[in-house]
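Each chain, letter by letter, is given below.
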Amino acid sequence: MLDLIPQRAVDSADIEDRVVQVRHKDIDDVSLYERFGQIRRVPIEALTGSGDIIEPTRIDDFHALQNKATGALLNVRPVGKTYALVPHDELFAQQAEILRDSNIPLEDVDVLDRIYEQGARVHRTIHFNEMQQHGTLKGGEPDVVRCRMDIFNSVDMSWAFQIFSGAYRDLCRNTLVFGGEKAYHQRKIHKGALSPEAMIEKATMGLDMWQNQKDQMSLWRKSPLTDRVFAGILKDTICKKTTKAAAVDENLSVNERRLNWMLERFSEEKKELGSTLWAGFNALTHWSTHLPDARKEGRNECKRYTRSDQVRQIVDGAAWRSLELAA
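Residues numbered from 1 in each chain as written. Predicted model: local features only at pLDDT ≥ 70, side-chain atom pairs only at ≥ 80, totals over all residues. Heavy atoms only, no water.

### Side note on helix α7 (residues 256–273)
Along an α-helix, residues three or four positions apart point the same way, because every turn accommodates 3.6 residues. Rule in force here: The way it works is that DSSP assigns letters per residue, a run of H or I at least four long becomes a helix, a run of E at least two long becomes a strand, and they are numbered from the N terminus. Each residue after the first adds 1.5 Å to the expected span of a helix. Residue exposure (1.4 Å probe, protein chains only): buried if accessible area is under 20% of the type maximum, exposed if over 50%, otherwise partly exposed. Contacts are residue-level and defined by heavy atoms, with any inter-residue pair within 4.5 Å sufficient.
Given a rise of 1.5 Å per residue, 18 residues ought to cover 26 Å, and the 25 Å separating the end C-alpha atoms of α7 matches this to within 8%. Buried within α7 we find L259, M262, R265, F266, E268, E269 and L273. In this fold, the buried residues of α7 make contact with β12 (181–188), α3 (196–212), α5 (227–235) and α8 (277–289). Looking one or two residues beyond α7, the residue adopting positive phi is G274, at roughly 75 degrees.

Here is the structure:
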């Protein structure tokens, strides 16, 4: 059963049933998630002892999940210390900030916020009504598909963190898209180096290129890029050391840790985008935005712009341009 809630009427929402949703036109309105999605870790204690002597003992490696807005504990199993919790309210506030900083038109949008099982899972869809893909149906009739971005998130380990962007009518969580085409999709489990900010940045970039640089994106999507060639580009650019030791011994001229990280990121992008320049560009963009609290710390903000400049130099460089020409 679906409970429909008017815009900014979350105070009267009843989320005892499975799904609650709200439709509105403001990407900054994350009130549904502020009310029902302020999920945070809280300590767990176990009652231990024997006989009449029972004492609470802190369990350090696991936490329960609590909605800080309501004080209610989520009826989900405890999460381990390696679980990468992504609170819904912080996630969508961050998405709104990234979109505001982009070139995507936001004057006319349709937003659909959905929350499931008292905040265990959420799904936000944003339709960008000023960004449309025009085509023709099989019968010859004109067809228009609006660009959109979808984000799925969970805090109970039931869904992976996923972002879709492109011009399509509908989608399902097994990555299939209906009635259109994806510009970008990424799926990441809630463990390890999960960076929602970097993933949102890339999804936003994909929509921006879809709107303003479709030919460039199309060229990169069909231009082959092997691991060996990409590694060569990286060794000559962002993975190149300029120390005195590197000048003496070329074996010391490569930042192997960064190179391995970049090639691993490229492997992840290839799963969705193939061995292409588009996958390489997404890997580079992930690196340029993969900075903790980049929007809060001035030092990291400067580093992010420096990295963005380095990425621009790579895609404007001779090696990258030669791969474009070869395609």
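### Let's talk about the confidence of the model for the protein chain
Using the following cut-off: Confidence scores per residue from the predictor, reported as pLDDT, run from 0 to 100.
Here the protein chain averages 83 in pLDDT, and 84% of its residues register 70 or above. Predicted confidence is poor over residues 293–298, with pLDDT under 50, and the contacts of this stretch with residues over four places away or in other chains come to twelve contacts.

### As for the pairing of strand β3 (residues 39–50)
The condition is simple: In this scheme, strands are said to pair when DSSP sees at least two bridges between them.
Where β3 lies against strand β4 (residues 53–67), twelve bridges are found, and the strand directions are antiparallel. Paired with R41 across the strands is L65, a residue of β4. Linking β3 back to β4 in an antiparallel pair, the connection comprises two residues, with G51 at a positive phi of about 65 degrees.

### Regarding the pattern of salt bridges
Our working rule: Any carboxyl oxygen of Asp or Glu that lies within 4 Å of a side-chain nitrogen of Lys or Arg is treated as forming a salt bridge with it.
Scanning all chains against the criterion turns up 18 salt bridges. Ionic pairing is found between D108 and K25, a salt bridge with its closest N-O pair at 3.3 Å. Of the two residues, D108 sits in the loop between α2 (88–100) and β6 (109–116) while K25 sits in the loop between β2 (19–24) and α1 (31–36), which places them 83 residues apart along the sequence. With its nearest N and O atoms 3.7 Å apart, the salt bridge here joins K81 to D61. Of the two residues, K81 sits in the loop between β5 (79–80) and α2 while D61 sits in strand β4, which places them 20 residues apart along the sequence.

### Regarding the nonpolar core
Soluble globular proteins tend to pack their nonpolar side chains together in the buried interior. The condition is simple: What is meant by a nonpolar core is a set of buried Ala, Val, Leu, Ile, Met, Phe, Trp, Tyr and Cys residues, joined one to another through side-chain atoms within 4.5 Å.
F128, F281, L284 and W320 are the most contacted members of the largest nonpolar core, which has 66 residues in total. Leaving out residues up to four positions away in the same chain, L284 has contacts with F230, L234, I238, M262, V311, I314 and W320.

### Here's the deal with unusual backbone geometry
With a phi close to 50 degrees, E117 is a non-glycine residue in the positive phi region. Its location among the elements puts E117 in the loop between β6 and β7 (121–136). Taking relative accessible area as the criterion, E117 reaches 38% and is therefore assigned partly exposed. Even without being glycine, Q118 reaches a positive phi, approximately 55 degrees.

### Quick notes on the sheet that holds β4
Two strands in a sheet stick together by hydrogen bonds in their backbones, pointing the same way (parallel) or opposite ways (antiparallel). Taken in spatial order, the three strands line up as β3-β4-β5 in an open sheet, and their pairing is antiparallel. Both edges of this open sheet fall to β3 and β5, since each of them pairs with a single strand only. Relative to β5, β4 runs antiparallel, the two sharing two bridges. Considered in β5, the bridge of F62 is made with G80.

### Remarks on the environment of N153
Note the following rule: Polar contacts, as counted here, are pairs of nitrogen or oxygen atoms within 3.5 Å of one another; within protein the pair requires one atom able to donate a hydrogen and one able to accept it, and residues that are adjacent in sequence qualify only if both atoms are side-chain atoms.
Mapped onto the elements of the fold, N153 is located in strand β8 (residues 142–154). Between the C-alpha atom of N153 and that of G119, which follows or precedes it by 34 residues, the distance is 10.0 Å. Apart from the residues lying within four places of it in its own chain, the contact partners of N153 are V86, H88, L91, A120, R121, V122, W159, F161 and H190. A distance of 2.8 Å separates the side chain of N153 from the backbone oxygen of V86, its partner in a polar contact.

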